[in-house]
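Structural overview for review
Chain by chain, the residues run as shown.
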Amino acid sequence: MGSESGRVKRGEQSRISQWLRRRPKPSPEDPEHVREALLLSAATAGLPLAPAAHPAGYRCSCDRIGCPTPARHPLSFAWQTQSTTDSAQIERWARNQPQANFITATGMVHDVLDVPLEAGASALGRLLAAGVEVGPVAESGGTGDQARMLFFTATRGTPEDEDEWWPCELDCHPETMDEHPGLRWHCRGSYVLVPPAALPGDLAVTWIRGTEHPLPDPLTLLEALTDACAAYAVAADQTPSAAWPLSR
């Protein structure tokens, strides 16, 4: 009886081994493979990541009624301490939550200069033509001022004089960004979605320039971005001063 049981078990193991060998290997073009590779590349570049909500139709996957930032916010209130560049943890999150977007916490390693898409495209062309090292750039889909371009830069760090270090709330807060249609400087206390991310309405956040580009000093981009935002505001019949970041 025992020998028969052993033969059955060996037979089952053999069939399982044959099935595993016949399974197709994941394709490098598979969307999940591409998503995971892009997230790991961002973490390797030093961007700390944490899971975020995702679209559920035209709504947000969270249970908040009338979510003001659908699919654009972290899953956890502890996102600042949860954010990590640990590849094993990011792989676990990505595989266990295949629909989740990811945010990157700013003000730790990097900041993000966030401008209207049209203004960003104009500034990007000007910067590249001038030979400026731009760094990673992402495009966030939307209509009007919701269509944005994100310029990833090095953070200002921690000045010796704490009075010279401002939190992101001086410019905007992740949930009140509609009040800031011009340039938004995401630094300490803020976050942005990191590509690839899906948004309601079949929109997305994608890389224009990837994380293989080094993070530049934000001040090397600021003049071109503020000039482009001012021109965009005038063209849109807005108040030009609204395109400038708040005074420091």
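A brief look at the structure comes next. (Residues numbered from 1 in each chain as written. Predicted model: local features only at pLDDT ≥ 70, side-chain atom pairs only at ≥ 80, totals over all residues. Heavy atoms only, no water.)

What to know about the overall build of the chain
A count of helices and strands for the chain gives six helices and 11 strands. Of the roughly 13500 Å² of accessible surface on the chain, a fraction of 53% belongs to carbon and sulfur atoms. (Helix = DSSP H or I, 4+ residues; strand = E, 2+ residues; numbered from the N terminus. Areas by Shrake-Rupley, 256 points an atom, 1.4 Å probe, with all protein chains shown as cover.)

Describing the pattern of salt bridges
Taken as a whole and assessed by the stated rule, the structure comprises five salt bridges. Among the ionic pairs, Arg-148 bridges to Asp-114, the shortest N-O distance being 2.7 Å. On the criterion of sequence distance, the pair formed by Arg-148 in strand S7 (residues 148-154) and Asp-114 in strand S5 (residues 110-116) is long-range, its members being 34 residues apart. By relative accessible area, Asp-114 is classed as buried at 3%. Connected through salt bridges with shared partners, the residues Asp-114, Arg-148 and Arg-184 form a single ionic network. (Salt bridge = Lys/Arg side-chain N within 4 Å of Asp/Glu carboxyl O. Buried < 20%, exposed > 50% of the residue type's maximum accessible area, 1.4 Å probe, protein only.)

Quick word on helix H6 (residues 219-235)
Here H6 spans 25 Å end to end across 17 residues, near enough to the 24 Å set by a 1.5 Å rise per residue. Turning to H6, its buried residues number three or more, namely Leu-221, Leu-222, Ala-224, Leu-225, Thr-226, Ala-228, Cys-229, Ala-230, Tyr-232 and Ala-233. (Expected span 1.5 Å × (residues − 1).)

Some remarks on the sheet that holds S7
The strand order across the open sheet formed by six strands is S8-S5-S7-S6-S11-S10, and the pairing between neighbours is antiparallel. Strand pairing shows two members of the sheet lacking a second neighbour, strand S8 (184-186) and strand S10 (197-199), which therefore form its edges. Across the sheet, the mean angle separating the axes of adjacent strands is 25° when strand polarity is ignored. Summarising the sheet, S5 and S7 pair through seven bridges and their orientation is antiparallel. Bridged to Leu-113 within S7 is Phe-151. With respect to the sheet, H6 is in contact with S5, S7 and S8, its orientation differing from that of S5 by roughly 20°. (Pairing = 2+ DSSP bridges. Axes fitted to C-alpha atoms, helices over the stretch in contact; angles between N-to-C directions. Contact = heavy atoms within 4.5 Å.)

What about the nonpolar core?
Of all hydrophobic cores here, the largest spans 27 residues; its most connected members are Leu-49, Phe-152 and Val-194. When residues of this core are traced back to their parent elements, those giving at least two are helix H2 (31-44), strand S1 (49-52), helix H4 (87-96), strand S4 (101-105), S7, strand S9 (191-194), S10 and strand S11 (203-209). Those residues in contact with Leu-49 that sit more than four places away from it in its chain are Leu-39, Ala-43, Gln-82, Ser-83, Thr-84, Ile-90, Trp-93, Phe-102, Ile-103, Thr-104 and Val-194. Among the nonpolar cores identified, the runner-up in size contains 20 residues, and Ala-123, Met-149, Leu-225 and Ala-228 belong to it. (Core = buried A, V, L, I, M, F, W, Y, C linked by side-chain atoms within 4.5 Å.)

So, the sheet that holds S9
Spatial ordering of the open sheet is given by S1-S4-S9, a layout of three strands whose pairing is antiparallel. Two strands in the sheet have a free side with no partner beyond their single neighbour: S1 and S9. Averaged over all pairs of adjacent strands, the angle between strand axes in this sheet comes to 40°, irrespective of strand direction. Alignment of S1 against S4, held across four bridges, turns out to be antiparallel. Of the residues in S4, the one forming a bridge with Ala-52 is Asn-101. Packing of H4 onto the sheet brings it into contact with S1 and S4, and relative to S1 it is tilted by some 15°.

That is the geometry; function is a separate question.
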